[in-house]
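This is what each chain is made of:
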Amino acid sequence: MSEDIRENWKNYKEYESSNDPSKECKAIDVAKKLIAMEDSLLTYTPDEQDHSFGGSLPQSEWPTYLPIALQRLRACMSLFIGTHNFHNYTTGKSAMDSSAYRHLLSIIISDPIRIHNELYLRIRLDGQSFMIHQIRKMIGISIETARGSCTLYKVFCSLSVGNVITPLAPSTGLFLDKV
């Protein structure tokens, strides 16, 4: 990993201070896990679908902002893996509704792929079940995190009892691969 990327990652203030010491301790634990896995947030092994689209773009051809944005996106999406309360990622569910709990098995985010002179990322989510708008809202808040306008701490808090407004990504490009 290049030194400037490593330095930006360490200096990027993902976790804001919280007045609640228990939340701050949990956030510090999550931050430690993310820093421990920072190298894996930059690595991706291309698969057959990447090759069918012409393969991943070499990192030397990436826009300058993309390595940090992709690392933030992968860090944000990694917070969703496991069992969480996704009431903020759907409509009509309260924080106390037990049906708002969902389990995500894995999330894979590809390196950029060029299709017709546009760059695309493939994001694959494997889970046991999803609620209406859940994936669109997860993608929406992850994009805001990648842009730097949302912190990982806010995403972390959105998976707990409090209410957080989550942006809704457009449905264009999203599809169900298999059940």
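If you're wondering where the values come from, they're calculated on a predicted model, not measured in any experiment.

Q: Which residues make up the overall build of the protein, and what values do they have?
A: Assigned secondary structure in the protein consists of 6 helices and 5 strands. Its helices and strands in sequence order give the protein the pattern α-α-α-α-β-β-β-β-β-α-α, from N to C terminus. Here the protein holds 179 residues, and 41% of them are scored as buried. For the protein, contacts bridging at least 24 residues in sequence account for 71% of all contacts bridging at least 6. When the accessible surface of the protein is totalled, it reaches about 10600 Å², and 54% of it is carbon and sulfur.

Q: An account of the packing of aromatic side chains is needed here, citing residue identities and associated values.
A: On inspection of all chains with the given rule, the structure shows 4 aromatic pairs. The interplanar angle of 80° and the centroid separation of 5.4 Å between the aromatic rings of phenylalanine 80 and tyrosine 89 together place this pair among those described as edge-to-face. In this structure, phenylalanine 80 and tyrosine 89 share a single accessibility class: buried. A ring pair is formed by tyrosine 153 and phenylalanine 156, whose centres lie 6.4 Å apart and whose planes are at 35°; its orientation type is tilted. Of this pair, tyrosine 153 and phenylalanine 156 both sit in helix α6 (residues 152–158), 3 residues apart, which is roughly one turn of that helix. Residue classification places tyrosine 153 among the buried positions, given a relative accessible area of 8%.

Q: Before we move on, can you summarise the pattern of salt bridges with the specific residues and values?
A: All chains considered together, the criterion is met by 6 salt bridges. Here aspartate 50 and arginine 122 are joined by a salt bridge, their closest N and O atoms 3.1 Å apart. Separated by 72 residues along the polypeptide, aspartate 50 in helix α3 (residues 48–52) and arginine 122 in the loop between β4 (118–120) and β5 (123–127) bring together distant segments of the chain. On the basis of relative accessibility, which here comes to 0%, the residue aspartate 50 falls in the buried class. For arginine 147, the salt bridge is made with glutamate 144, and the minimal N-O distance between the two is 3.1 Å.

Q: Provide a residue-level description of the nonpolar core, including the pertinent values.
A: Of all hydrophobic cores here, the largest spans 29 residues; its most connected members are Met77, Phe80, Phe86, Tyr89, Ile107, Met138 and Val155. The set of elements that each furnish at least two residues to this core consists of α4 (66–78), β2 (101–109), α5 (134–147) and α6. Looking at which element gives the most residues to this core, the answer is α4, with 7 residues. Not counting the four nearest positions on each side in its chain, valine 155 is found in contact with Cys76, Leu79, Phe80, Tyr89, Ile141, Thr145 and Cys150.

Q: So what's going on with α5? Residues and values would help.
A: Relative to the 20 Å expected for 14 residues at 1.5 Å per residue, α5 spans 20 Å between its end C-alpha atoms, a close match to the ideal helical length. Considered for burial, the residues of α5 that qualify are Gln134, Lys137, Met138, Ile139, Gly140, Ile141, Ser142, Thr145 and Ala146. Looking at the buried positions of α5, the neighbouring elements they touch are α4, β2, β5 and α6. Of the residues trailing α5, glycine 148 is marked for its positive phi of about 90°.

Q: So what's going on with the side chain of serine 78? Residues and values would help.
A: Topologically, serine 78 is positioned in helix α4. Not counting residues within four places of it along the chain, the set of residues in contact with serine 78 comprises Leu34 and Met37.

Parameters and conventions
- Residues numbered from 1 in each chain as written.
- Predicted model: local features only at pLDDT ≥ 70, side-chain atom pairs only at ≥ 80, totals over all residues.
- Heavy atoms only, no water.
- Helix = DSSP H or I, 4+ residues; strand = E, 2+ residues; numbered from the N terminus.
- Buried < 20%, exposed > 50% of the residue type's maximum accessible area, 1.4 Å probe, protein only.
- Contact = heavy atoms within 4.5 Å.
- Areas by Shrake-Rupley, 256 points an atom, 1.4 Å probe, with all protein chains shown as cover.
- Phe/Tyr/Trp six-rings, centres within 6.5 Å; stacked < 30°, edge-to-face > 60°.
- Salt bridge = Lys/Arg side-chain N within 4 Å of Asp/Glu carboxyl O.
- Core = buried A, V, L, I, M, F, W, Y, C linked by side-chain atoms within 4.5 Å.
- Expected span 1.5 Å × (residues − 1).

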